[in-house]
Amino acid sequence: MNKYLSFTLAFIVMFTLTSCSKEEQTQRDVMEEEDITIKVAWWGGQPRHEYTTKIIEMFEAEHPNINIEPEFANWDDYWNNLEPMAAGNQLPDVLQMDMAFLSQYGEKGLLEDLSPYVEKGIIDVSSIDESIVNSGKVGDKLFGFTIGINVLSVISNDILMNIAGVTIDEDSWTWNDMEQIAVDIKKTAGVYGSNGMHPPDIFFPYYLRTKGEQFYNIEGTALAYSDDQLFIDYFNRQLRLIDEGAFPTPDEVVAAGRTMETDFIVTGSTAITWNYSNQYASFDPLTNAPLTLHLPPEHLENKALFLKPSMLFSVPKSSKHKEEAAKFIHYFVSNVEANKLMKGERGVPVSSKVSEAIKPVLTEGEMKILNYVEKAKAMTDEFYPPDPVGSSQVMKVLKDISDEILFRKITPEEGAKKFRKQANEILQTNQ
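Keep in mind it's a predicted model, so treat the numbers as computed, not measured.

**Overview of the overall build of the protein chain**
Then, number 1: Within the protein chain, the secondary structure is distributed over 19 helices and 10 strands.
Then, number 2: Taking the principal axes of its C-alpha atoms as reference, the protein chain extends roughly 105 × 50 × 35 Å.
Then, number 3: In the protein chain, buried positions account for 52% of the 431 residues.
Then, number 4: The contacts in the protein chain between residues at least 6 apart in sequence include a share of 76% that link residues at least 24 apart.
Then, number 5: With an accessible surface of roughly 20,100 Å², the protein chain has 51% of that area assigned to carbon and sulfur atoms.
Then, number 6: Averaged over its 39 positive side-chain charges, the protein chain has a centre that lies 2 Å from the centre of its 65 negative ones.

**Examining the sheet that holds strand β7 (residues 152-157)**
Then, number 1: Ordered by their spatial adjacency, 3 strands build an open sheet running β8-β7-β9, and the pairing between neighbours is antiparallel. The sheet is open, and its two edges are formed by β8 (272-276) and β9 (291-294), each paired on a single side. Here the average twist between neighbouring strands, direction ignored, is 30°.
Then, number 2: Taken together, the 4 bridges between β7 and β9 define a ladder with antiparallel strand orientation. Within the sheet, the bridge partner assigned to Ile155 lies in β9 and is Leu293.

**Let's talk about helix α8 (residues 175-189)**
Then, number 1: In a regular helix each residue adds 1.5 Å, so 15 residues correspond to 21 Å; α8 covers 21 Å between its end C-alpha atoms and thus fits that length.
Then, number 2: Tucked inside the fold, the buried residues of α8 contact α7 (158-164), α9 (200-210), α10 (229-243) and β8.
Then, number 3: Directly after α8, the chain includes Gly190, whose backbone phi takes a positive value near 75°.

**What to know about the sheet that holds strand β10 (residues 308-314)**
Then, number 1: Spatial ordering of the open sheet is given by β2-β1-β3-β10-β6, a layout of 5 strands whose pairing is mixed. Edge positions in the sheet fall to β2 (66-73) and β6 (145-150), since each of these pairs with one other strand and no more. Strand-to-strand twist in this sheet, taken as the mean axis angle between neighbours without regard to direction, amounts to 20°.
Then, number 2: In this structure, strand β1 (residues 36-43) lies alongside strand β3 (residues 94-97), joined through 2 bridges in parallel fashion.

**Quick look at the pairing of β3**
Then, number 1: The two faces of β3 match: Val94 and Gln96 on one face and Leu95 and Met97 on the other face are all buried.
Then, number 2: Sheet topology note: the β3/β10 ladder contains 3 bridges and is antiparallel. Residue pairing in the sheet places Gln96 in a bridge with Phe313 of β10.

**Some remarks on the side chain of His299**
Then, number 1: Secondary-structure assignment places His299 in the loop between β9 and β10.
Then, number 2: Judged by its relative accessible area of 2%, His299 is buried.
Then, number 3: Side-chain polar atoms of His299 contact the side chain of Asp171, separated by 3.5 Å.
Then, number 4: Aside from chain neighbours lying at most four places away, what touches His299 is Glu170, Asp171, Tyr206, Ala304, Leu305 and Met379.

**Describing the pairing of β1**
Then, number 1: Taken across its 8 residues, β1 has 6 buried, putting it largely inside the fold.
Then, number 2: Of the strand pairs in this sheet, β1 and β2 are connected by 8 bridges, and their pairing is parallel. Of the residues in β2, the one forming a bridge with Ile36 is Ile66.
Then, number 3: Crossover β1 to β2 through helix α2 (residues 46-62) is right-handed.

**Quick look at the confidence of the model for the protein chain**
Then, number 1: Mean pLDDT for the protein chain: 91, with 92% of residues reaching 70 or above.
Then, number 2: Below a pLDDT of 50 lies the segment residues 1-19, which in the model reaches 2 contacts outside its immediate sequence neighbourhood of four places, other chains included.

**Focus on the packing of aromatic side chains**
Then, number 1: Per the counting criterion, the structure on display carries 31 aromatic pairs.
Then, number 2: Over the ring of Tyr117 we find Lys120, and its NZ or CZ is 5.9 Å from the ring centre.
Then, number 3: The ring of Tyr225 carries the charged tip of Arg420 above its face, separated from the ring centre by 4.8 Å.

**Description of the packing of helix α18 (residues 391-406) against helix α19 (residues 412-429)**
Then, number 1: At their nearest, the axes of α18 and α19 sit 10 Å apart, and the two run at 165° to each other. It follows that α18 is roughly antiparallel to α19 by the angle criterion. With respect to the hand of their crossing, α18 and α19 are arranged in right-handed fashion. Here α18 contributes Gln393, Val394, Val397, Leu398, Ile401, Glu404 and Ile405 to the contact with α19, which in turn contributes Pro412, Gly415, Lys418, Phe419, Gln422, Ala423, Ile426 and Leu427.
Then, number 2: Split by residue class, the contact of α18 with α19 holds 10 nonpolar, 3 polar and 2 charged.

**Focus: the pattern of salt bridges**
Then, number 1: Following the criterion strictly, the structure yields 17 salt bridges and no others.
Then, number 2: The partner of Arg237 in a salt bridge is Glu179, with the nearest N and O atoms 2.7 Å apart. Separated by 58 residues along the polypeptide, Arg237 in helix α10 and Glu179 in helix α8 bring together distant segments of the chain. The same class applies to Arg237 and to Glu179, which are both buried.
Then, number 3: Two residues, Lys340 and Glu337, come together in a salt bridge whose shortest N-O distance is 3.5 Å. In this pair, Lys340 and Glu337 both sit in helix α15 (residues 336-342), 3 residues apart, roughly one turn of the helix.
Then, number 4: Taken together, the shared-partner salt bridges in this structure form one network comprising Glu179, Arg237 and Arg240.

Calculation criteria
Residues numbered from 1 in each chain as written. Predicted model: local features only at pLDDT ≥ 70, side-chain atom pairs only at ≥ 80, totals over all residues. Heavy atoms only, no water. Helix = DSSP H or I, 4+ residues; strand = E, 2+ residues; numbered from the N terminus. Buried < 20%, exposed > 50% of the residue type's maximum accessible area, 1.4 Å probe, protein only. Contact = heavy atoms within 4.5 Å. Areas by Shrake-Rupley, 256 points an atom, 1.4 Å probe, with all protein chains shown as cover. Lys, Arg positive; Asp, Glu negative; His and termini not counted. Charge placed at Lys NZ, Arg CZ, Asp CG, Glu CD. Pairing = 2+ DSSP bridges. Axes fitted to C-alpha atoms, helices over the stretch in contact; angles between N-to-C directions. Expected span 1.5 Å × (residues − 1). Polar contact = N/O pair within 3.5 Å; in protein donor to acceptor, adjacent residues only side chain to side chain. Right-handed = clockwise from strand over helix to strand, strands pointing away. pLDDT = per-residue confidence, 0-100. Phe/Tyr/Trp six-rings, centres within 6.5 Å; stacked < 30°, edge-to-face > 60°. Lys NZ or Arg CZ within 6 Å of the ring centre and 35° of its normal. Parallel < 35°, antiparallel > 145°, perpendicular 65-115°, else oblique. Left-handed = near helix turned anticlockwise from the far one by under 90°. Nonpolar A, V, L, I, M, F, W, Y, C, P; charged D, E, K, R; others polar. Salt bridge = Lys/Arg side-chain N within 4 Å of Asp/Glu carboxyl O.

Given below as structure tokens:
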């Protein structure tokens, strides 16, 4: 072949490839600039809706081509709305997720594994502990990204505690100590010693841990604890305290409702309430009494203390804009200005850099939460695992049977047998 002809052909090929490359890049640039709309859904109260809306506006300002449609509701309506969306492959691009439902949605193939977005750095975890990242895994799939950390807590009204002349030594107090403190508060201060350890789905599993037992087995196919006496003892203690007037009656618990404004600690009807740490932020502004966070009884026994994702963000497989959804998750957990608005309301920030950066804007009460969680993190890095499929049904059964026991319709012994039978049937059915 003539050398000039060879040179000409080579030039034409090189020019064509270069032109195609430029054209492809232009197409990619245009695609990147196209307006994209994603839906972000969450549950919560009005304050959460307001600051989340502001964070969304901040994100949109930094990502002009991404528009966000917010979808929010209260807890019950949120999950009721998600069910038909899931059935129709219409889940929002980012959905706030709870540990009670993570396995259920993940194992049904509804959620995207977020691991690749972490590996690519789209969700930056350089200032987030590995144990925190892994807390959203079911098996080896990262179905949820933790956006805040919670720890079980006992919150006390310090004025009522002083009137009663009682103190909590949180590193050594036992369940028997708790019972005696509650009785002493009632006798001397004339208020309840505690709100009654509600709800049972939170505190009974913790009680089992203090006894060296777990609630579910590793496979999620049955209850893990085999001795029903643990269940019986747990509820007998509550019945004794109701009889002593140290716990409210179940009728009074129902009358108080589920709002923060009517909680016994806010109305001054009790000296102690059992809650997750982030709920302190809701109680503190509603009462003039100083409140203190305490670690729960026997937390050192059998390494009972654990950390828990307050909530997570998940991305459904049906989303057409998974990368943009991942970018929003990154912004939510890593942007300092966004977290200055959030101020730990969704749990203590998972990023150590963010957690440190927002301290100057936190109130004294908000700092108490952050310090409390940091204290717990220094003691354990264990996160409570995702609940197995069927857990939400099991927990409803536990609540119903708890009501039957506390209303004295059945005995704790009868409740223990009834709960074991129904819980194991549910877990087996969902396999």
